[in-house]
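# Coordinate analysis (summary)
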Amino acid sequence: MEFSLTPDQRMMQESLSRTLAQASPLERVRAFAGDPSDTGGDVWRAMAEFGLTGIGVPEASGGLGLGLLDAALASEALGAAVAPVPLLGIVLAPIALLRGGSADQQAAWLAKLASGEVQAAVAISETVAGARDGAGVTASGGKLNGKALFVAGGLAADLLVVGDVSGGLHLVAGDAAGLARAFMPGLDETRRLAELTFDDVTAEPLGGGPELLAALRDAAWVLIAADTLGAAQTMLDKAVAYAKERRQFGRVIGSFQAVKHLCAEMAAELEPCRSLVWYAAYAFDAARPGVSGEASLMAAHAKALTCEVGRFVARTATEVHGGMGITDLLGLHFWFKRIGLNRQLLGGPERVREIAARLQGLVAA
Amino acid sequence: MDLSETPQMATFRGEVRAFLGAHADDVAGGAARDPKAWQGLLIGHGYAARTIPRAYGGFGAEPDILKSRIIAEEFIAAGAPRGIANQGVSMLVPTLLEVGSEAQKMRWIGPTLRGEIVWCQGYSEPGAGSDLASLQTKAVEDGTDFVISGSKIWTSTAHAAQMMFALIRTEPDAAKHEGISYVLIPMDTPGIEVRPLKTMTGGAEFNEVFFTDVRVGQDQVVGGRGRGWFVANTTLKHERGMLGDPNATEARLNALIELMKSETIDGQRVVDNPIFRDRLMDLQGRVLAMKFNGLRLLTAQLTHEPAGLAGLIVKLQGCELNHQLAALAIDALGELGVLYHDGPHLRAKGRWQWNYMFDLGLIIGGGTAQIQKNIIAERGLGLPREPKPAAA
């Protein structure tokens, strides 16, 4: 029994963090956030060079062939760096193709996804988090109609995996006729959300059924939880560093129990989330297709709990920084807002816990 | 990450299950009626006192964390009593093994393991709680003896104990932490008075112990005179592990889920109320997170790596979770939840209510939640200690 990361996994995560420090330092994030026309192409190319764009693509198709635990570690590093990288599409599209795609579809897309030549996004918010503002996509006769909201990375994607209202999944080319995209400006400017409108858009169906949709949802939940884990850990680290440095009343503020206990509470809440995220990712990788009960439950709890703790850490770490915490200059707000988007993306904690209860038969039919 | 079980461990798990199956009568109640006989059986099979050398009355197996965990899991799954787990077994014995003299090990460990000697812990004093090292119960040298006077508080099982392991100030001129010795005191020594301390549960789970010219031999000191603070820290480490056990927390969560599935309001299951259900799911997520945190700690032990924050948070988080589980059970029961003592409507013999109150004591005892936060912040995060106040 070994409940820990392998040396390779640690090395990959550290190496990605170093790459991000070069390719996407805070000034680069700030520039991306302030300019909607900035597509972050240089950061994307650095990620492709690193191999991240092929993290879940089999080696035979030019990828790294790694599992969700490795992807979650990458997600943690991206969250820690508030990096403008659309990881959900990177990880979920290959899962959709490998589990639900035909040989032709896999041959058409996997290698291009791995190399970074093609960007993908997944539009499943309506089926996971519920429909808002009348959104929802219907499929009929190979054509999609309707709207999909909150599609992370959906503005620039060359390939879309789209969920319809009856739980079916489809592949749509980014240049398909009848597809319109609009930017949905939001609080978190380190990632961009899109509204997709489908007007008789030609789509290729994916196999895999509801199990594939559940797998995409579970993987997304684990990745979002890991992103929040990384972002919250950075906020905690920054708060502790600040508390060791900032002096008031002739002492560093970290020597006051009022401040020290805030830091201890953040650490005590956040540390167990790390183990839960690891286990949820492990359960996803270990689960045989169709036996997803445990993996789904663990993914739900990882998402819900980490996002609850994330909110607590985001506000508390900001508070430890005093007035500086709310300034644009310090930039702590990029982490605060990233954690805020993660909380709602693909279902807030209440919604996700309700699904967790349903998975265990705790909701009356 | 690899949580699969080797064939060797699967075989061992099978052996434990077979043992429990063969002793179903004891599991069902016989063990509770004769705990000493059950304890003897467990030691004989290596399910208690597993790694304690045979010369001292244990089973003498090599330490194997995985096997210990398998035993714990199977006993919990079967609802089998784990044998005697009082403070003598869980705190004094490990301390003697680490720092006791050969004569002390031979004299005390065997009878303690077999349940023949029950111990109580004499640490806290009315004036020395969180600031334990300020304790004032003192021993004065008289020939080869010490003469002890003072008082201790929060001494669980003192009324039933034959012996106490106590922290006593033996070196009045030494610095605060260096004047304390760890002393073994027979409870029938003249001059000791035990008074039960009734708590909010209605029971007296603790006692006060008063010492008036209590005479013990100086050879009853463990680990050397003036070394008591360091000896005690060995045991406190064991206690903190005991107070945040995630297996016990998971068992309580499972009982809570069953409660909420079986209890009804207006004919509807409690768990079908979305607000109660959401609270249950929130706690389930937290219990799971602490369970996997425990697996991470176990791996760190196996590989001899420091566990860092994952270990420092266990007492704080575990005790708080236990309390919250009991709180939700009481809320789920509503007006039934405030019944107590006995009566036809009382659920689980009042266990949830008792836990709710007693667990508040565990949040405070064994290092308060606030002391735990100091430890997490100072040892885990490297924040500076509170400066000492200037002398008045």
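Every residue gets a number counted from 1 within its own chain, in the order that chain's sequence is written. Both sets of labels track the order of writing: A upward for chains, 1 upward for ligands. Given that the model is predicted, a residue must reach a pLDDT of at least 70 before its local features are reported, and side-chain atom pairs must reach 80 or more before they are shown or counted; all residues, however, enter totals for whole chains, interfaces and linings. The side-chain quantities take in all heavy atoms of the structure and omit both hydrogens and water.

## So, the overall build of chain A
Looking only at helices and strands, chain A has 12 helices and 10 strands in total. Whereas a compact globule of 365 residues would reach a radius of gyration of roughly 21 Å, chain A reaches 20 Å, a difference of no more than 12%. When the backbone C-alpha atoms are referred to their principal axes, chain A occupies close to 75 × 45 × 45 Å. For each residue, the accessible area found with a 1.4 Å probe, counting protein chains only, is set against the maximum for its type, and the residue is called buried under 20%, exposed over 50%, and partly exposed in between. Out of the 365 residues belonging to chain A, those deemed buried represent 59%. Carbon and sulfur atoms form 54% of the exposed surface of chain A, whose accessible area is close to 14,000 Å². Helix and strand assignments come from DSSP, with helices taken as H or I runs of at least 4 residues and strands as E runs of at least 2, each series counted from the N terminus. Atoms counted for the radius of gyration: C-alpha only. Globule rule: 2.2 Å times the number of residues to the power 0.38. We get accessible surface area from the Shrake-Rupley algorithm with a probe of 1.4 Å; when it comes to residues, only the shown protein chains can shield them.

## Notes on the side chain of Asn 374 of chain B
Within the secondary structure, Asn 374 of chain B is located in helix α13 (residues 369-380). Taking the relative accessible area as the measure of exposure, Asn 374 of chain B reaches 11% and is therefore buried. Once residues lying within four places of it in the same chain are set aside, the contact partners of Asn 374 of chain B are Gln 257, Lys 260 and His 261 of chain A together with Arg 379 of chain B. Note on definitions: a residue-residue contact is assigned when non-hydrogen atoms from the two residues lie within 4.5 Å.

## Points about the packing of helix α8 (residues 209-245) of chain A against helix α10 (residues 293-320) of chain A
Residues and elements named next belong to chain A. For helices, the axis comes from a line fit to the C-alpha atoms of the stretch in contact; other axes are also lines fit to C-alpha atoms, and the angle between any two N-to-C directions lies between 0 and 180 degrees. At a closest axis distance of 8 Å, the pairing of α8 and α10 adopts a crossing angle of 25°. Taken together, the axis directions place α8 and α10 in an arrangement best described as roughly parallel. Crossing hand, α8 versus α10: left-handed. Amino acids outside the nonpolar list (Ala, Val, Leu, Ile, Met, Phe, Trp, Tyr, Cys, Pro) and the charged list (Asp, Glu, Lys, Arg) are all regarded as polar, and Gly is one of them. Split by residue class, the contact of α8 with α10 holds 20 nonpolar, five polar and three charged. Note that the term roughly parallel is reserved for angles under 35 degrees, roughly antiparallel for angles over 145, roughly perpendicular for angles of 65 to 115, and oblique for everything else. Crossing chirality is assigned from the near helix's rotation relative to the far helix, an anticlockwise turn below a right angle marking it left-handed and a clockwise turn marking it right-handed.

## Some thoughts on the packing of aromatic side chains
For this analysis, a ring pair means two rings from Phe, Tyr or Trp (six-membered ring only for Trp) whose centres lie within 6.5 Å, classed as stacked if their planes differ by under 30 degrees, edge-to-face if by over 60, and tilted for the remaining angles. For the coordinates displayed, the defined rule picks out 16 aromatic pairs over all chains. Centroid distance Tyr 279 of chain A to Phe 292 of chain B: 3.9 Å. Interplanar angle 10°. Geometry classified as stacked. Of the two residues, Tyr 279 of chain A is situated in helix α9 (residues 257-286) and Phe 292 of chain B in helix α9 (residues 274-302); the pairing between them involves two chains. Both residues of the pair, Tyr 279 of chain A and Phe 292 of chain B, count as buried. By the ring-pair criterion, three or more aromatic residues cluster together here, those being Phe 3, Trp 278, Tyr 279 and Tyr 282 of chain A together with Phe 292 of chain B. One cation-aromatic arrangement involves Arg 192 of chain A over Phe 32 of chain A; the distance from NZ or CZ to the ring centre is 3.8 Å. Here, a charge over a ring is recorded when the distance from Lys NZ or Arg CZ to the ring centre is within 6 Å and its angle to the ring normal is within 35 degrees.

## Quick look at unusual backbone geometry
In this model, Asp 133 of chain A sits at a positive phi of 50°, which is unusual for a non-glycine residue. Position of Asp 133 of chain A among the secondary structure elements: in the loop between α7 (125-128) and β2 (136-140). Of note in this structure, His 341 of chain B is not a glycine but carries a positive phi near 70°. Within the element layout of this structure, His 341 of chain B appears in the loop between α11 (314-333) and α12 (351-364). His 341 of chain B sits in the exposed class, given a relative accessible area of 64%.

## Considering the domain arrangement of chain B
All names here are of chain B. Throughout, the edges of the domains are those of an automatic or database domain assignment. Domain parsing of chain B yields domain 1 (7-83), domain 2 (119-226) and domain 3 (244-380). Across the boundary between the two partners, domain 2 contributes five residues, which contact six residues of domain 3. Together, the buried faces of domain 2 and domain 3 total about 540 Å²; carbon and sulfur atoms form 73% of this surface. The three residues of domain 2 that bury the most area against domain 3 are Ser 130, Met 200 and Thr 201, which together make up 74% of that side's buried surface. Salt bridge criterion: a side-chain nitrogen from Lys or Arg within 4 Å of a carboxyl oxygen from Asp or Glu. Viewed at the interface, domain 3 and domain 2 are joined by zero salt bridges. Whenever a nitrogen or oxygen atom comes within 3.5 Å of another N or O atom, the pair is scored as a polar contact, on the condition that within protein one atom can donate a hydrogen and the other can accept it, and that pairs from neighbouring residues in sequence are kept only if both atoms are in side chains. On inspection of domain 2 and its partner domain 3, the count reaches two residue pairs in polar contact (both at pLDDT 80 or more). In the side of domain 2 that touches domain 3, the residues fall into two nonpolar, two polar and one charged. Summed over both partners, the accessible surface that disappears when two parts come together, traced with a 1.4 Å probe, is what is meant by buried area.

## A word on the interface of chain A and chain B
Contacts between the two partners involve 45 residues from chain A and, on the opposite side, 46 residues from chain B. Between chain A and chain B, roughly 4,200 Å² of surface is buried when both sides are summed, and carbon and sulfur atoms account for 64% of that area. Of all residues in chain A, the largest losses of buried area upon contact with chain B belong to Met 1, Phe 3 and Leu 362 of chain A, amounting jointly to 19% of the total for that side. Linking chain A with chain B are eight salt bridges. The shortest N-O distance in the salt bridge between Asp 282 of chain B and Arg 353 of chain A comes to 3.6 Å.

## Digging into the environment of Phe 256 of chain A
If you trace the backbone, Phe 256 of chain A turns up in the loop between β10 (251-252) and α9. The exposure class of Phe 256 of chain A is partly exposed, given its relative accessible area of 21%. Placed 13 residues apart in sequence, Phe 256 of chain A and Ala 243 of chain A show a C-alpha to C-alpha distance of 9.3 Å. Not counting chain neighbours up to four residues away, the residues in contact with Phe 256 of chain A comprise Gln 248, Phe 249 and Arg 251 of chain A together with Glu 386 of chain B.

## With respect to the sheet that holds strand β3 (residues 143-152) of chain A
Residues and elements named next belong to chain A. DSSP calls a pair of strands paired once it identifies at least 2 bridges connecting them. Taken together, the four strands give an open sheet; going across it, the order is β2-β3-β7-β6, and neighbouring strands pair in antiparallel fashion. The open sheet has two edge strands with one neighbour each: β2 and β6 (179-184). Neighbour-to-neighbour, the strand axes of the sheet open up by a mean angle of 15°, direction not taken into account. Relative to strand β7 (residues 193-202), β6 runs antiparallel, the two sharing six bridges. Residue Met 184 lies in a different strand from β7, and its bridge partner there is Leu 193.

## Remarks on the packing of α8 of chain A against α9 of chain A
All names here are of chain A. Two numbers describe how α8 lies on α9: the axes approach to 9 Å, and their chain directions differ by 155°. By the angle class used here, α8 and α9 are roughly antiparallel. Of the two possible hands of crossing, α8 and α9 adopt the one that is left-handed. The class makeup of the residues in the contact of α8 with α9 is 21 nonpolar, one polar and three charged.

## Structural notes on the domain arrangement of chain A
Residue and element names in this part refer to chain A. Its domain assignment divides chain A into domain 1 (7-115), domain 2 (120-207) and domain 3 (210-359). Relative placement of domain 2 and domain 3: their C-alpha centres are 27 Å apart. Every contact between the two is made by 16 residues of domain 2 and, on the other side, 16 residues of domain 3. Summed over both partners, the interface of domain 2 with domain 3 buries about 1,500 Å², with 72% contributed by carbon and sulfur atoms. Counting the surface domain 2 buries against domain 3, the share from its top three residues, Ile 124, Val 128 and Arg 191, is 36%. When the shortest N-O distance is used, the salt bridge between Asp 227 and Arg 191 registers 4.0 Å. The interface formed by domain 2 and domain 3 holds five residue pairs in polar contact (both at pLDDT 80 or more) in total. The dominant element in the side of domain 2 that touches domain 3, judged by the number of residues it contributes, is α7, at three residues. Tallied by class, the residues present in the side of domain 2 that touches domain 3 amount to eight nonpolar, six polar and two charged.

## With respect to the confidence of the model for chain B
The predictor attaches a confidence to each residue, called pLDDT, with possible values from 0 through 100. Per-residue confidence for chain B gives a mean pLDDT of 93, with 97% of residues at or over 70. Overall fold confidence for the complex sits at a pTM of 0.94, while the interface term, ipTM, reaches 0.96.

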